Amino acid sequence: MLFQFSNESVQKAYLATEENPYDLDAWNILLRELQSRKVEEIRPIFEKLVKNFPTTGRFWKVYIEQEMKARNYDKVEKLFQRCLIKVLNIDLWRLYLLYIRESKASLPTYKEKMAQSYDFALEKIGMDIQSFSIWNEYTTFLKQVEAVGQYAENQRISAVRKVYQKAVMTPMISVETLWKDYIAFENGINPIIAEKMSMERSRDYMNARRVAKEYEAITRGLNRNYPSIPPTGSNEESKQVSLWKKYIAWEKANPLRTEDPTVLARRIMFAYEQCLLCLGHHPDVWYEAALFLENTAKTFTEKGDNNSAKVFFEEAALMYERATSGVLNKNLLLYFSYADFEEGRMKYEKVHSTYQKILDIEDVDPTLVCNIILPYQYWVFWNCNNANDEFLDGIESIKSHLRLRSTIPPLNNNNIFNLPENHNSVHCSSVFRYLL
């Protein structure tokens, strides 16, 4: 469906996005026009926008704002469900909290709903250097909650204190303001307790303030709202890639000096997740993030913490799954890395399904499949107990699949699909000589 715009420059921009869905200049011109239209008229264009840029918080935010303006709250909530968890963009999360505040105020459970939303937001985005406004709004909200009776008042004080104490040890811009507000809050309750709390918490606060200054300096120049597009090799892109890598390396150096490996890992993964919002078309970032999770899991295993290891192994698998099901769903190296990871965990069915996904890619090179995938798959199952029958079944499946799709050079075709008669006793080193 093609749209018509009366403004010539807008129409030209629209046609440019049809020709090149990653034309950012054209999208910016078109976006200004879309914001002046009724959302019902141009919703398909917004859908195309977020389909092409699924990790760009700014685009999701504009789309949702248009639906909010039209009071299409059912659509607003569905849009948040589609993007919020995946897109850790601070402005998008602020909009989410604004929506809850404005649309749920008349509900009898509003206070509980609002508190849950703040907790949810801080769990996901509370490490962001720009998260001060969310922490500050939450403490202000809790202070204003009406408490009837001494028990309720004590509960309210404990809730406010808990948020403040977590906030003042979190590196962010304006953490100093939160510290001053926290001390003032404690003084308003009991000056003696305030002095004790100040002494107990000052070390963590000073550490957070120090790291916040480093954090601000190391991320200066990062464009967190830059849409994720295929690599262009431009100077600006190279600069952004360098800044993201510098930021991630800084987090890996543990500037917070935490002794909790889980806290350190979470901060590093937050940096990777932020990076992927802008560099989602860069396979090396996905691979590095998955590898970091895998190595973290192995470290926990070595320490005997199998529960934590299991969590991080599953997160690594999920990272590979996201990488191979998103914009890079045709990147063979990510599939191979994923299969290698699952082989290491002895998840052989998952290895099979990963290779099958490669075969399902419409424009995969069959010759590449024959020369790389099958030898590797043989290696995986040759090392498994009773794997030969499974491998032969897989061979027949792949053989049929490829015959239907293309013609393959005769030499490779014959070598691969005609196994040696004594295939149960083939030596490892001869497998590759035979197949390649």
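Residues numbered from 1 in each chain as written. Predicted model: local features only at pLDDT ≥ 70, side-chain atom pairs only at ≥ 80, totals over all residues. Heavy atoms only, no water.

Some details on the packing of aromatic side chains
- In the structure shown here, the tally under the stated rule is 28 aromatic pairs.
- Ring centres of Y73 and Y99 lie 5.7 Å apart, and the angle between their planes is 55 degrees; on these two criteria the pair is classed as tilted. With Y73 in helix α5 (residues 73-83) and Y99 in helix α6 (residues 90-103), this residue pair connects regions lying 26 residues apart in the sequence.
- Given a relative accessible area of 30%, Y73 falls into the partly exposed group.
- Within the aromatic cluster, the residues linked to one another by ring pairs are Y73, F80, W93, Y96, Y99 and F120. (Phe/Tyr/Trp six-rings, centres within 6.5 Å; stacked < 30°, edge-to-face > 60°. Helix = DSSP H or I, 4+ residues; strand = E, 2+ residues; numbered from the N terminus. Buried < 20%, exposed > 50% of the residue type's maximum accessible area, 1.4 Å probe, protein only.)

So, the side chain of Q165
- Mapped onto the elements of the fold, Q165 is located in helix α9 (residues 150-167).
- Within polar-contact distance, the side chain of Q165 engages the side chain of Y182 at 2.9 Å.
- In this structure Q165 touches Y182, E186, M197 and R201, once residues within four positions along its chain are discounted. (Polar contact = N/O pair within 3.5 Å; in protein donor to acceptor, adjacent residues only side chain to side chain. Contact = heavy atoms within 4.5 Å.)

A look at the nonpolar core
- Judged by nonpolar contacts, the single largest core of 109 residues is most densely connected at I45, F46, I64, F80 and Y247.
- Per element, the largest residue contribution to this core is ten residues, and it comes from helix α13 (residues 261-278).
- Residues within four places of F46 in sequence aside, it is in contact with L31, L34, V39, V62, Y63 and Q66. (Core = buried A, V, L, I, M, F, W, Y, C linked by side-chain atoms within 4.5 Å.)

Observations regarding unusual backbone geometry
- Although it is not a glycine, N254 adopts a positive phi angle of roughly 60 degrees.
- Tracing the backbone shows N254 in the loop between α12 (235-252) and α13.
- Since its relative accessible area comes to 18%, N254 is described here as buried.
- The backbone phi angle of M346 is positive, close to 60 degrees, even though this residue is not glycine.
- Inspection of the secondary structure puts M346 in the loop between α16 (332-344) and α17 (348-360).

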